[in-house]
Number of protein chains: 2
Amino acid sequence: MDNSLQHKDYQKVPEPTLRRLPWYLSNVKLLKKSGERYVSSTQISKGTNIDASQIAKDLSYVNISGRTRVGYEIDALIDVLESFLGFTDIHKAFLFGVGSLGGALLQDSGLTHFGLEIVAAFDVNPDLVGSQLNGIPIYHTDSFVEMMNQYDVQIGVLTVPIEIAQSITDKMVAGGIKAVWNFTPFRIGVPDNIVVQNTSLYAHLAVMFNRLNFNEDK
Amino acid sequence: MDNSLQHKDYQKVPEPTLRRLPWYLSNVKLLKKSGERYVSSTQISKGTNIDASQIAKDLSYVNISGRTRVGYEIDALIDVLESFLGFTDIHKAFLFGVGSLGGALLQDSGLTHFGLEIVAAFDVNPDLVGSQLNGIPIYHTDSFVEMMNQYDVQIGVLTVPIEIAQSITDKMVAGGIKAVWNFTPFRIGVPDNIVVQNTSLYAHLAVMFNRLNFNEDK
């Protein structure tokens, strides 16, 4: 915890907290639009349906303090949250696998508003290599290590077929990638010092379908 | 549990199990491609780095039994898992909000392989209304209730700006939508009988950025 006094942003914040903070952020942004200048945990609680005590606890990780009775200054809270969550820094990324989902992500310019900029993509399909999608160049996968020298990239977005998910991950890590955003339904293995964030749309679909069938059956 | 004997698929399966099953499925598909005809929990464990006992427990929800020593018949396991997860049925969906992310999802035809077919989209932007994206018609949001009569839809994909996330959700629910796949960073409120699946790419980015900074600081 001593280290966190100097680098408050870089302590290992619990994942549930990191997942809730964006809810508070969007709620506070709405309150700002409706004209509020201060916001309390109780107000955020009403808008998010999360206990005010939990909110206060989550916000204690963030470097901001509220004032008794009036709460947090709303502009400061938005700035601090966006910065704390990493949305105000640009994190450059490579994307691997320009298939249906990969191509879709390249076209989602909204990610840049949350700090992720995909600067180049890789594939082996000769129809794609050398072309651009949404202004993002697509290179042959073999050029990856060379491109690591040209771009300052730490994040790899993985949208390849499951058959090559592990081998491409191994290549990324060997080439210097520090974090893999894994959109494949494959559970990839990485060394301890590499960050993996799994975002399996298919797993989310499975949960949704099951709950839907369950509700129908009731 | 009695009800689950008749409708094994429709019992409320724990979410962690539902999130792990797609990992087993993709691993088993790979083993099949490499020529295997039978697969054991131990083999799946090696490929997914999950305890074999956990895998056996998760698979006990699925209506398949392995044979001592040889394990599960691989084709049967794939079929049963895909069906259990809902990937073999087509679930029709409407998408609300054809912005950057919404447009990207309309172009991700891969979702249909996992049981989700977006049959129409809604927006208020006059440049979009009346057009198509990837063959999917875009209607004015006001036509939603009318379209509920034309299409057999239970799922709404929510990709609108946070300012209208709740009001569009309320409209969906009033119109008969039973499950909301929420891609916005806004925490929506729904009645108890409505399923919500949150997939916040931004929350996942926040977790990844924090872990990356933490590793750098070590």
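Residues numbered from 1 in each chain as written. Chains lettered and ligands numbered in written order. Predicted model: local features only at pLDDT ≥ 70, side-chain atom pairs only at ≥ 80, totals over all residues. Heavy atoms only, no water.

### Quick word on the domain arrangement of chain A
No. 1: The assigned domain composition of chain A is domain 1 (4-85) and domain 2 (91-204).
No. 2: Taking only C-alpha atoms into account, the centre of domain 1 of chain A sits 31 Å from that of domain 2 of chain A. (Domains from an automatic or database assignment.)

### Structural notes on the interface of chain B and chain A
No. 1: Between chain B and chain A, the residue contacts involve 72 residues of the former and 72 residues of the latter.
No. 2: Roughly 7000 Å² of surface becomes buried between chain B and chain A when both sides are summed, with 65% attributable to carbon and sulfur atoms.
No. 3: Summed over the shared surface of chain B and chain A, the number is two salt bridges.
No. 4: At the level of elements, α2 (15-33), α3 (41-48), α6 (100-106), β8 (179-182), β9 (195-198) and α9 (201-217) of chain B are the ones that each hand at least two residues to the side of chain B that touches chain A.
No. 5: Per element, the largest residue contribution to the side of chain B that touches chain A is 17 residues, and it comes from α9 of chain B.
No. 6: The residue makeup of the side of chain B that touches chain A, split by class, is 35 nonpolar, 24 polar and 13 charged. (Contact = heavy atoms within 4.5 Å. Buried area = accessible area lost by both parts, 1.4 Å probe. Salt bridge = Lys/Arg side-chain N within 4 Å of Asp/Glu carboxyl O. Helix = DSSP H or I, 4+ residues; strand = E, 2+ residues; numbered from the N terminus. Nonpolar A, V, L, I, M, F, W, Y, C, P; charged D, E, K, R; others polar.)

### Examining helix α2 (residues 15-33) of chain A
Structural remark: α-helix, 3.6 residues per turn; residues separated by three or four positions point the same way.
No. 1: For α2 of chain A, spanning 19 residues, the distance from its first C-alpha to its last is 28 Å, which sits close to the expected 27 Å at 1.5 Å a residue.
No. 2: Positive phi shows up at glycine 35 of chain A, right after α2 of chain A, with a value of about 105 degrees. (Expected span 1.5 Å × (residues − 1).)

### Some points on the relation of the copies chain B and chain A
No. 1: The operation relating chain B to chain A is a screw motion whose rotation component is 180 degrees, with 0.0 Å of axial translation and a residual RMSD of 0.0 Å. The relationship between the two copies is best expressed as a two-fold rotation axis. Judged by C-alpha distance, alanine 104 of chain B is the residue of chain B that lies nearest the rotation axis, at 2.2 Å.
No. 2: In this assembly, 100% of the residues forming the interface of chain B have copies in chain A that are likewise at the interface, indicating an isologous arrangement. (Least-squares fit on C-alpha atoms with pLDDT ≥ 70 in both.)

### Concerning the pairing of strand β7 (residues 155-158) of chain B
All names here are of chain B.
No. 1: Side chains Ile155 and Val157 project from β7 onto one buried face, and the interleaved Gly156 and Leu158 project onto a second face that is buried too.
No. 2: Where strand β3 (residues 91-96) lies against β7, four bridges are found, and the strand directions are parallel. Within β7, the residue paired with alanine 93 across the bridge is isoleucine 155.
No. 3: Where the polypeptide runs from β7 across helix α8 (residues 165-175) and back to β8, its parallel neighbour, the crossover connection is right-handed. (Buried < 20%, exposed > 50% of the residue type's maximum accessible area, 1.4 Å probe, protein only. Pairing = 2+ DSSP bridges. Right-handed = clockwise from strand over helix to strand, strands pointing away.)

### Overview of the pattern of salt bridges
If charged atoms from side chains of opposite charge come close, those side chains can pair.
No. 1: According to the stated counting rule, one finds ten salt bridges over all chains in the structure shown.
No. 2: Put simply, lysine 33 of chain A and glutamate 163 of chain B hold a salt bridge, and the shortest N to O gap is 2.4 Å. One end of the pair, lysine 33 of chain A, is in helix α2; the other, glutamate 163 of chain B, is in the loop between β7 and α8, on a second chain.
No. 3: We note a salt bridge from arginine 20 of chain B to aspartate 58 of chain B, for which the minimum N-O separation is 2.7 Å. In this pair, arginine 20 of chain B sits in helix α2 while aspartate 58 of chain B sits in helix α4 (residues 52-59), placing the two residues 38 residues apart along the sequence. Comparing arginine 20 of chain B with aspartate 58 of chain B, the two get one shared label, buried.

### A short note on the sheet that holds β7 of chain B
Residue and element names in this part refer to chain B.
No. 1: Taken in spatial order, the seven strands make up an open sheet running β5-β6-β4-β3-β7-β8-β9, and their pairing is mixed. In this open sheet, the two strands that pair with only one neighbour each are β5 (132-133) and β9.
No. 2: Lying over the sheet, α8 contacts β3, β7 and β8, oriented at roughly 170 degrees with respect to β7. (Axes fitted to C-alpha atoms, helices over the stretch in contact; angles between N-to-C directions.)

### Re the sheet that holds strand β5 (residues 132-133) of chain A
No. 1: Ordered by their spatial adjacency, seven strands build an open sheet running β5-β6-β4-β3-β7-β8-β9 (chain A), and the pairing between neighbours is mixed. Looking along the sheet, the strands with just one partner apiece sit at the ends: β5 and β9 (195-198) of chain A.
No. 2: Here strand β7 (residues 155-158) of chain A runs beside strand β8 (residues 179-182) of chain A; their pairing, made up of four bridges, is parallel. Within β8 of chain A, the residue paired with glycine 156 of chain A across the bridge is valine 180 of chain A.
No. 3: Sitting on the sheet, α9 of chain B is in contact with β3 (91-96), β4 (116-123), β7, β8 and β9 of chain A, with an inclination near 170 degrees to β9 of chain A.

### Some details on the environment of tyrosine 202 of chain B
No. 1: Looking at the element boundaries, tyrosine 202 of chain B is found in helix α9.
No. 2: Sequence separation of tyrosine 202 of chain B and aspartate 58 of chain B is 144 residues, and the distance between their C-alpha atoms is 29 Å.
No. 3: Once you skip the residues sitting within four places of it in the chain, tyrosine 202 of chain B turns out to touch Phe87, Leu111 and Phe114 of chain A together with Leu101, Phe183 and Pro185 of chain B.

### Focus on helix α5 (residues 74-84) of chain B
Residue and element names in this part refer to chain B.
No. 1: Buried within α5 are the following residues: Ile74, Leu77, Ile78, Leu81, Glu82 and Phe84. For α5, the angular spread of the buried residues around the axis is 165 degrees, confining them to a single face.
No. 2: Of the residues flanking the end of α5, it is glycine 86, one or two places downstream, whose phi is positive at about 90 degrees. (Arc of directions from axis to C-beta.)

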